[in-house]
Amino acid sequence: GNSVTQMEGPVTLSEEAFLTINCTYTATGYPSLFWYVQYPGEGLQLLLKATKADDKGSNKGFEATYRKETTSFHLEKGSVQVSDSAVYFCALSVNTGGFKTIFGAGTRLFVKA
Amino acid sequence: DTAVSQTPKYLVTQMGNDKSIKCEQNLGHDTMYWYKQDSKKFLKIMFSYNNKELIINETVPNRFSPKSPDKAHLNLHINSLELGDSAVYFCASSYGQVESNEQFFGPGTRLTVL
């Protein structure tokens, strides 16, 4: 089946620290991979995506590389800010007789000043 | 101009009541979705519609009935509300049945069943 597993939170970091949020997936077919971010009281919004193996998605200093050999799509940022505090969702989309997006459980990030 | 809008933002009601949540998108998308997010932030697809046609129905109780009068609207009606229906419900939309296309989410409707 199709599933997404991401590291449990919360993750608490100091400002300017390095961030990694791990995400691994299982999928039939060739999925596209996404990171969405949810700020408090808001809906999800796309942070970055990668549509094929070895692609790197990047946005606002965040990066993730589609690793087919390890079925992973880890999110990284070199220096986090307080404004990055949010819940981060790893997701995959695949067409298995019906187009579907499957989300991980979400990882809450707190960044302290 | 809001891309995906939902009304109401908050909904507090008694067990057994019937309620509706409305969703509209002005992005010209042809696919719309309903998701349920529980208190632990877990997000689960409920329904998706493409060009007003039901595509995905994820074993949701038949108390939940989506209705898509046109491509820009997908409403959710819930009958006989139960305590376990308390959650945040998100509407989303995307263009085409293509797995590489992102989804655009509304701000959510927080439903509390007392």
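Nothing here was measured: the structure is a model prediction, and the numbers come from that model.

Reading the values: the criteria
Residues numbered from 1 in each chain as written. Chains lettered and ligands numbered in written order. Predicted model: local features only at pLDDT ≥ 70, side-chain atom pairs only at ≥ 80, totals over all residues. Heavy atoms only, no water. Helix = DSSP H or I, 4+ residues; strand = E, 2+ residues; numbered from the N terminus. Rg over C-alpha atoms; globule rule 2.2 N^0.38 Å. Buried < 20%, exposed > 50% of the residue type's maximum accessible area, 1.4 Å probe, protein only. Contact = heavy atoms within 4.5 Å. Disulfide = S-S within 2.5 Å. Pairing = 2+ DSSP bridges. Buried area = accessible area lost by both parts, 1.4 Å probe. Salt bridge = Lys/Arg side-chain N within 4 Å of Asp/Glu carboxyl O. Nonpolar A, V, L, I, M, F, W, Y, C, P; charged D, E, K, R; others polar. Axes fitted to C-alpha atoms, helices over the stretch in contact; angles between N-to-C directions.

K.L.:
Pulling in residues and values, what's your account of the overall build of chain A?
P.N.:
Of regular secondary structure, chain A possesses 0 helices and 12 strands. Secondary structure elements of chain A occur, N-terminal to C-terminal, as β-β-β-β-β-β-β-β-β-β-β-β. Taken over the C-alpha trace, chain A has a radius of gyration of 14 Å; the compact-globule value for 113 residues is 13 Å, and the two agree within 12%. Each principal axis of the C-alpha distribution contributes one length, and for chain A these read about 45 × 30 × 20 Å. Within the span of chain A, comprising 113 residues, buried residues form 47% of the whole. Long-range contacts, defined as pairs at least 24 residues apart, comprise 56% of the intrachain contacts of chain A with a sequence gap of at least 6.

K.L.:
Let's hear about the state of the cysteines: which residues, and what values?
P.N.:
Formally, a disulfide is one covalent bond, and it connects the sulfur atom of one cysteine to the sulfur atom of another. Taken as a whole and assessed by the stated rule, the structure comprises 2 disulfides over all chains. Disulfide partner of Cys-23 of chain A: Cys-90 of chain A, at an S-S distance of 1.9 Å. Here the disulfide of Cys-23 of chain A and Cys-90 of chain A is left-handed, its torsion about the S-S bond being about -70°. Taken together, the residues span a long stretch of sequence, with Cys-23 of chain A in strand E4 (residues 23-26) and Cys-90 of chain A in strand E10 (residues 86-95) at a distance of 67 residues. Residue classification places Cys-90 of chain A among the buried residues on the basis of a relative accessible area of 1%. Paired by a disulfide, Cys-23 of chain B and Cys-91 of chain B hold their sulfur atoms 1.9 Å apart. In this structure the cystine formed by Cys-23 of chain B and Cys-91 of chain B twists about its S-S bond by roughly -75°; its chirality is therefore left-handed.

K.L.:
A description of the pairing of strand E6 (residues 53-57) of chain B should follow, citing residues and the corresponding values.
P.N.:
Residue and element names in this part refer to chain B. Sheet topology note: the strand E5 (residues 43-50)/E6 ladder contains 4 bridges and is antiparallel. Considered in E6, the bridge of Ser-48 is made with Ile-56. Counting the residues in the hairpin turn of E5 and E6 gives 2 residues, including Asn-51, whose phi is positive at 50°.

K.L.:
Any chance you could break down the interface of chain A and chain B for me, citing the residues and the numbers?
P.N.:
On the chain B side, the residues contacting the 23 residues of chain A number 23 residues. A buried area of about 1900 Å², summed over both sides, lies between chain A and chain B, and 55% of it is on carbon and sulfur atoms. Of all residues in chain A, Leu-44, Phe-99 and Phe-103 of chain A give up the largest surface area on contact with chain B, accounting jointly for 33% of the area buried on that side. Between chain A and chain B we count 1 salt bridge in total. Put simply, Glu-58 of chain B and Lys-100 of chain A hold a salt bridge, and the shortest N to O gap is 3.0 Å. Within the residue set of the side of chain A that touches chain B, elements represented by two or more residues are strand E5 (32-38), strand E6 (44-50), E10 and strand E11 (99-103) of chain A. When residues in the side of chain A that touches chain B are grouped by element, the largest group, 5 residues, is from E10 of chain A. Across the side of chain A that touches chain B, the residue classes tally to 11 nonpolar, 8 polar and 4 charged.

K.L.:
Could you give an account of the sheet that holds strand E1 (residues 4-7) of chain B, with specific residues and numbers?
P.N.:
All names here are of chain B. Strand order in the open sheet made by the 4 strands is E1-E3-E8-E7, with antiparallel pairing throughout. Strands at the two margins of the open sheet, each flanked by one partner only, are E1 and strand E7 (64-70). Within this sheet the neighbouring strands show an average axis-to-axis angle of 20°, counted without direction. As judged from the 4 bridges shared by E1 and strand E3 (residues 19-25), these two strands associate in the antiparallel manner. In the strand pairing of E3, Gln-6 is matched with Cys-23.

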